[in-house]
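# Observations on chain architecture
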Amino acid sequence: MSRYFIALLCLFFLIMQGMAMSMLPANLVYSDLLMTPHWILIFLLIIAIFYDKDDTYNAVWYGLAFGLLIDVIYTGVLGVYMITYTLIIYTVHGLNKWLHANFFAASLLAVVGVALADTMLYIIYSFVQITSMTWGDYALLRLLPTLAANMIFFIILYPLVKEKVYAWGEEVSNI
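Cut-offs and rules
Note on numbering: residues in each chain are counted from 1, in written sequence order. Two thresholds apply to this predicted model, a pLDDT of at least 70 for residue-level local features and 80 or more for giving and counting side-chain atom pairs, whereas whole-chain, interface and lining totals are computed over all residues. Values reported for side chains reflect all heavy atoms of the structure, with hydrogen atoms and water molecules removed beforehand. Put simply, DSSP marks the helices as runs of H or I at least four residues long and the strands as runs of E at least two long, and each gets a number from the N terminus on. Radius of gyration: over C-alpha atoms. The globule rule applied is 2.2 Å multiplied by the number of residues raised to the 0.38 power. We call a residue buried when its accessible area falls under 20% of the maximum for its residue type, exposed when it is over 50%, and partly exposed in between, using a 1.4 Å probe and counting protein chains only. Site definitions follow a grid-based scheme: protein atoms alone, a 1 Å grid, a 1.4 Å probe that fits but cannot get out for cavities, and for pockets an open set with protein on both sides within 12 Å along at least five of seven lines, plus lining residues having an atom within 4 Å of a point. Grid points are joined across faces, edges and corners, and a volume is the space filled by probe spheres set on the points. Lys, Arg, Asp and Glu make up the charged group, whereas Ala, Val, Leu, Ile, Met, Phe, Trp, Tyr, Cys and Pro make up the nonpolar group; the residues left over, Gly among them, are polar. The span you would expect from a helix comes to 1.5 Å times its residue count less one. Note on contacts: a residue pair is in contact if any heavy atoms of the two residues lie within 4.5 Å. UniProt positions are given in the numbering used here, feature names are shortened, and annotations may be inferred rather than shown by experiment.

### Brief notes about the overall build of the protein
Summing up its helical and strand segments, the protein has seven helices and zero strands in all. Along the protein, helices (α) and strands (β) appear in the sequence α-α-α-α-α-α-α when read from the amino end. Computed over C-alpha atoms, the radius of gyration of the protein comes to 16 Å, within 12% of the 16 Å expected from 2.2 N^0.38 for 175 residues, which places it in the range of a compact globule. For the protein, the C-alpha atoms occupy an extent of roughly 50 × 30 × 30 Å along the three principal directions. For the protein, the proportion of its 175 residues judged to be buried stands at 45%.

What follows is the structure in structure tokens.
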């Protein structure tokens, strides 16, 4: 049953991240700063940390499916988010084995995950010439605001879902 709730929450975040920029003040949206909401990635990183065990990869499969949905709905290049989210969630799942599952470790993994994902997307989009932003401009005008905005979302989301996600993970492992 928890797998359905996770999928529904991912679907909710998919819809909400599409509307995220319209919820911000106009002077922030129309500034030089570019913020990309990676809300599904943040939620799936929490799933990878607290729901998945060492031998389960549910978050990776969700990343594959919802990355493809992001590609179909929001981008013109099919497979970019699908591959990026899948690889980043798999990497964080592996790194999680070395850290204790607590707020600080989850925050660190979220920062690393979002930074790697956004940088990977920038490299792919630069390679296929969708963006022509220089590395310095990217780091200052897009990466840092994206990290800040997504960490605010993580700080809000973490206390709301951590215990429930952990309990779902325990239920699944006891079956």
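### Here we look at the layout of surface pockets
Of the voids in this model, the largest pocket is the one considered here, and its volume is about 310 Å³. Residue lining of the largest pocket: 16 residues in total, with Ala20, Leu24, Trp39, Ala149 and Phe153 positioned closest to the centre. In terms of residue count, helix α7 (residues 135-174) provides more of the lining of the largest pocket than any other element does, seven residues in total. For the lining of the largest pocket, a count of residues per class yields 14 nonpolar, two polar and no charged. Counted as a void, the second largest pocket has a volume near 160 Å³. Taken together, Gln17, Gly18, Thr36, Pro37, His38, Ile70, Tyr74, Thr75 and Tyr81 form the lining of the second largest pocket. Listed by contribution, the elements that provide at least two residues to the lining of the second largest pocket are α1 (2-19) and α4 (58-74). Per-class residue counts for the lining of the second largest pocket are four nonpolar, five polar and no charged.

### Quick notes on α1
If you check α1, its first and last C-alpha atoms are 26 Å apart, about what 18 residues at 1.5 Å a residue would give, namely 26 Å. All of the buried residues along α1 are Ser2, Ile6, Cys10, Phe13, Leu14, Met16 and Gln17. Where α1 is buried, its residues touch α3 (39-50), α4 and α7.

### A closer look at the UniProt feature "transmembrane region" (unreviewed entry) in the protein
The residues that UniProt annotates with the feature "transmembrane region" (unreviewed entry) are residues 36-52, 59-83, 103-128 and 140-161. Along residues 59-83 the backbone is 80% helical and 0% strand, and the end-to-end C-alpha distance reaches 13 Å. Within the segment residues 103-128, helix and strand shares are 96% and 0% respectively, and the terminal C-alpha atoms sit 37 Å apart.

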